[in-house]
Amino acid sequence: MKNIKRVLLIIVSCLILCLAISLKADSGWDGDYDYDYGSSDWDFDWGNDYGSSSNNHYHKNTTSSEDVGAALIALGIFIIMGIGITVLILSQASKSKTKTNILSNTNNISGFDINKIKEILPNFNVQEFRQKTYEIYKNIQNSWMNFDHDELKKYTTNELYNLYKSELNALKIKKQKNIMSDFNLESFNIIDMEKGNNNISIKVRMTVSCLDYVVNKNEEVIRGNKLRKVVYNYEMTFTKGLEEKDNKCPNCNAPLDNVTTSICPYCNSTVISSNHEWVLSKKQMISQRMK
């Protein structure tokens, strides 16, 4: 029993290290397609700072000392994990139970005091917020998949939209498409809240399963798996303006859509205003696994 506990401690430590190394930058790409399907020599370059200007771009595969070092670290981690898993199997540890425990630990998040949100938004309803933000997430994924920039802009802050737009342009040039479908919300938890001068931001932990793969112009799968779902564990921040009034152009007073930054269609002035509806301001993919 002591040996099993020690092995579990080693595995947990390795998982934490893996998490620190593999945290994905805020981008339109959710899946980590870091494996070769034999039909493309391009990889995705993930940044390391969530919500920053670091984007994941396409780049040709190259080898450097940093790549070798990262590969050696990953190899060492997998060897240690392999030894630990072997010991657990020999100790007759249930594989299905282990998976269940990993999932429950991933989603074991302390609940946030909703009364703190209601002090700012008296009519706040958790179930309504849960449904609203999940719909926003799905709408963003569908807009991304269909290259629908107008719809994408409705559900994101200007900074996030610009990031997604640049990535979609790169994807379009390569004549590829990221297919995401068959979504299912596995879990949802509010974990934090922050009040700004004129807005409120709520951070949630959301676990979603879906099909996620990339096809080329011939509809051939070149990344991911069209038959197996992926389970994504996210941290997402949704933001809403606190000033309940219509957006209007300060130059010509014309009505505007609820976007963070916009060009007035009547006078072409650049307008900066608050979102009056919930929009996604940050998305972090914490972990993923095949279902």
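From a predicted model like this one, the values you see are computed outputs, not experimental measurements.

Caption draft 1: Broad picture of the overall build of the protein chain. Along the backbone of the protein chain there are 7 helices and 8 strands. Taken across its 291 residues, the protein chain has 39% of its residues classed as buried. For the protein chain, long-range pairs separated by at least 24 residues make up 67% of all intrachain contacts whose partners lie at least 6 apart in sequence.

Caption draft 2: Just the pairing of strand S3 (residues 177-195), in detail. Pairing analysis gives 15 bridges linking S3 to strand S4 (residues 199-215), with the strands arranged antiparallel. Bridging from a neighbouring strand, Ile-179 pairs with Tyr-213 of S4. Counting the residues in the hairpin turn of S3 and S4 gives 3 residues.

Caption draft 3: Geometry of the environment of Tyr-213. Tracing the backbone through its elements, the reader meets Tyr-213 in strand S4. Classification of Tyr-213 as buried rests on a relative accessible area of 11%. Separated by 17 residues in the primary sequence, Tyr-213 and Val-230 have C-alpha atoms spaced 9.6 Å apart.

Caption draft 4: Local environment of helix H7 (residues 158-173). When the terminal C-alpha atoms of H7 are compared, their 23 Å separation across 16 residues agrees well with the 22 Å that a helix rising 1.5 Å per residue should span. Taken together, the buried positions of H7 are Asn-158, Leu-160, Tyr-161, Leu-163, Tyr-164, Glu-167, Leu-168 and Leu-171.

Caption draft 5: Molecular detail of the packing of aromatic side chains. A complete count under the given rule lists 8 aromatic pairs for this structure. For the ring pair Phe-124 and Phe-129, a centre distance of 5.2 Å and an interplane angle of 50 degrees mean the geometry is tilted. Using a relative accessible area of 8% as the deciding quantity, one classes Phe-124 as buried. Taking the centre distance of 5.8 Å and the plane angle of 85 degrees together, the rings of Tyr-137 and Phe-183 count as edge-to-face. Here Tyr-137 is found in helix H5 (residues 126-145), whereas its partner Phe-183 is found in strand S3, with 46 residues between them in sequence. Each of the two residues, Tyr-137 as well as Phe-183, counts as buried.

Caption draft 6: How the structure looks around the nonpolar core. Within the largest apolar cluster, 41 residues are counted, with the highest numbers of intra-cluster contacts made by Ile-117, Phe-129, Tyr-137, Ile-190, Ile-202, Val-204 and Met-206. When residues of this core are traced back to their parent elements, those giving at least two are H5, H7, S3, S4, strand S5 (221-241) and strand S8 (279-290). Looking at this core element by element, the count peaks at 7 residues for S4. Every residue in contact with Tyr-137, bar those within four places of it in the chain, is listed here: Asp-30, Met-180, Phe-183, Met-206, Val-208, Tyr-234 and Met-236.

Caption draft 7: Just H5, in detail. End to end, H5 covers 28 Å across 20 residues, agreeing with the expected 28 Å (1.5 Å per residue, within 8%). Among the residues of H5, those classed as buried are Phe-129, Thr-133, Tyr-134, Ile-136, Tyr-137, Ile-140, Gln-141, Ser-143, Trp-144 and Met-145. The secondary structure elements touched by the buried residues of H5 are helix H6 (149-154), H7, S3, S4, S5 and S8. After H5 finishes, the residue Phe-147 shows a positive phi value of roughly 55 degrees.

Caption draft 8: View of the environment of Asp-113. Position of Asp-113 relative to the elements: it lies in the loop between helix H3 (95-106) and helix H4 (114-118). Overall, Asp-113 belongs to the partly exposed group, its relative accessible area being 38%. Linking Asp-113 and Asp-192, residues 79 residues apart in sequence, is a C-alpha distance of 8.7 Å.

Caption draft 9: Examining the pattern of salt bridges more closely. For the coordinates displayed, the defined rule picks out 5 salt bridges. One salt bridge connects Glu-135 with Lys-138, and the closest N-O pair in it is separated by 3.3 Å. In this pair, Glu-135 and Lys-138 are both assigned in helix H5, 3 residues apart and thus about one turn of the helix distant. For Glu-135, a relative accessible area of 27% puts it in the partly exposed group. Salt-bridge contacts for Glu-235 lead to Arg-205; the nearest nitrogen and oxygen are separated by 2.8 Å. Here Glu-235, found in strand S5, pairs with Arg-205, found in strand S4; they are 30 residues apart in sequence, far enough to count as distant. Residue classification places Glu-235 among the buried residues on the basis of a relative accessible area of 16%. Residue classification places Arg-205 among the buried positions, given a relative accessible area of 13%.

Caption draft 10: Spatial organisation of the confidence of the model for the protein chain. Averaged over the protein chain, the pLDDT score is 73; the fraction of residues at 70 or greater is 57%. This model gives residues 35-68 a pLDDT under 50, and the stretch forms 75 contacts once residues within four places in sequence are excluded. This stretch, residues 92-110, has a pLDDT under 50; its non-local contacts, to residues over four places away or in other chains, come to 13 contacts.

What counts, and where the lines are drawn
- Residues numbered from 1 in each chain as written.
- Predicted model: local features only at pLDDT ≥ 70, side-chain atom pairs only at ≥ 80, totals over all residues.
- Heavy atoms only, no water.
- Helix = DSSP H or I, 4+ residues; strand = E, 2+ residues; numbered from the N terminus.
- Buried < 20%, exposed > 50% of the residue type's maximum accessible area, 1.4 Å probe, protein only.
- Contact = heavy atoms within 4.5 Å.
- Pairing = 2+ DSSP bridges.
- Expected span 1.5 Å × (residues − 1).
- Phe/Tyr/Trp six-rings, centres within 6.5 Å; stacked < 30°, edge-to-face > 60°.
- Core = buried A, V, L, I, M, F, W, Y, C linked by side-chain atoms within 4.5 Å.
- Salt bridge = Lys/Arg side-chain N within 4 Å of Asp/Glu carboxyl O.
- pLDDT = per-residue confidence, 0-100.

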